[in-house]
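Each chain, letter by letter, is given below.
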Amino acid sequence: MDTVTLQIDGHTLTVPAGTTIWDAAASIGITIPALCHDPRMAPVGVCRLCAVDIGARTLVAACVRACEDDMEVHTSTEQVVDDRRTLLELLLADYPEDSRREAATGDDELLALARAHGIEAIPYPDGAIGQPRGEDHSSAVIAVDHQACILCDRCIRGCNALQHNDVLTRTGKGHTTRIAFDLDTPMGESTCVACGECAAVCPTGALTNRALAGLQLMTEEQS
């Protein structure tokens, strides 16, 4: 079978076999939110914000679940929206109150999704007090705020799958899990080539470009 026919939010469509629900919905103008997914990279279904109702026992991640014949997909039922709101609140629980990305470019995807779901304040803010996960300012061009990382792996896949630099990975276990460079060395001392892909694909304030103009002035004054 080369194609499958299904319904998404009442719209009947036929797509090539193997197409994900997320891609099929996008093809007819239905946006399913996701933080871990980037169409340029293979989906991993980590953040679960794209979960939709297909009438199964549990919600399924639209970015990884392939469409099936006669499937009926509902992307915004009350249960789906409530689950997304709960996930967003949990992701925000450890999030710093001041997102560097939001302050610099106003495009923090996590905060934008939270606002779209009626979350105006960070719930359970105690988890971010004192920035317990730490920061890394060893790179001259990219700032790392581990407290703002939601472990979506977009930076890791961008570094390894898109740029083939193979610098980024994960380290730690449980609540201490975070991204790492090489064998957990500071970014500025790692084999990072500063291509900027990690900061470009990061959906939060975890990886952001530093102010190069300021650094240049400091260098001139110091020289």
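Per an unreviewed UniProt entry, the chain carries the name Molibdopterin-dependent oxidoreductase YjgC and comes from Natronocella acetinitrilica.

This paragraph deals with the overall build of the chain. A count of helical and extended segments in the chain gives seven helices and 10 strands. Seen through its C-alpha atoms, the chain measures out along the principal axes to roughly 70 × 40 × 30 Å. Across the 223 residues of the chain, 43% fall into the buried class. Restricting the contact set of the chain to residue pairs at least 6 apart, pairs at least 24 apart contribute 59%. When the accessible surface of the chain is totalled, it reaches about 11500 Å², and 52% of it is carbon and sulfur.

On to the confidence of the model for the chain, then. Across the chain, the average pLDDT comes to 91, with 92% of residues at 70 or higher. Predicted confidence for residues 213-219 stays below pLDDT 50, and this span has two contacts to residues more than four positions away or in other chains.

Attention shifts here to the pattern of salt bridges. Opposite charge on two side chains permits them to pair, given that their charged atoms come into close proximity. Scanning the entire structure with this criterion turns up 11 salt bridges. Ionic pairing is found between Arg133 and Asp94, a salt bridge with its closest N-O pair at 3.3 Å. In this pair, Arg133 sits in the loop between helix H4 (109-116) and strand E6 (135-136) while Asp94 sits in the loop between helix H2 (78-92) and helix H3 (100-104), placing the two residues 39 residues apart along the sequence. Residue Asp94 is classed as buried on the basis of its relative accessible area of 19%. The network of salt bridges with common partners includes Asp38, Arg40 and Glu197.

On to the sheet that holds strand E5 (residues 72-73). One open sheet accounts for three strands, arranged E2-E1-E5; its pairing is mixed. Edge positions in the sheet fall to strand E2 (11-16) and E5, since each of these pairs with one other strand and no more. The sheet contact formed by strand E1 (residues 3-8) and E5 spans two bridges and is parallel. Counterpart to Ile8 in the pairing with E5 is Val73.

This next bit is on helix H5 (residues 154-162). Among the residues of H5, Arg154, Cys155, Ile156, Arg157, Gly158 and Cys159 are the ones counted as buried. Directly beyond the C-terminal end of H5, a positive phi value near 60° is found at His164.

Rules used in this analysis
- Residues numbered from 1 in each chain as written.
- Predicted model: local features only at pLDDT ≥ 70, side-chain atom pairs only at ≥ 80, totals over all residues.
- Heavy atoms only, no water.
- Helix = DSSP H or I, 4+ residues; strand = E, 2+ residues; numbered from the N terminus.
- Buried < 20%, exposed > 50% of the residue type's maximum accessible area, 1.4 Å probe, protein only.
- Contact = heavy atoms within 4.5 Å.
- Areas by Shrake-Rupley, 256 points an atom, 1.4 Å probe, with all protein chains shown as cover.
- pLDDT = per-residue confidence, 0-100.
- Salt bridge = Lys/Arg side-chain N within 4 Å of Asp/Glu carboxyl O.
- Pairing = 2+ DSSP bridges.

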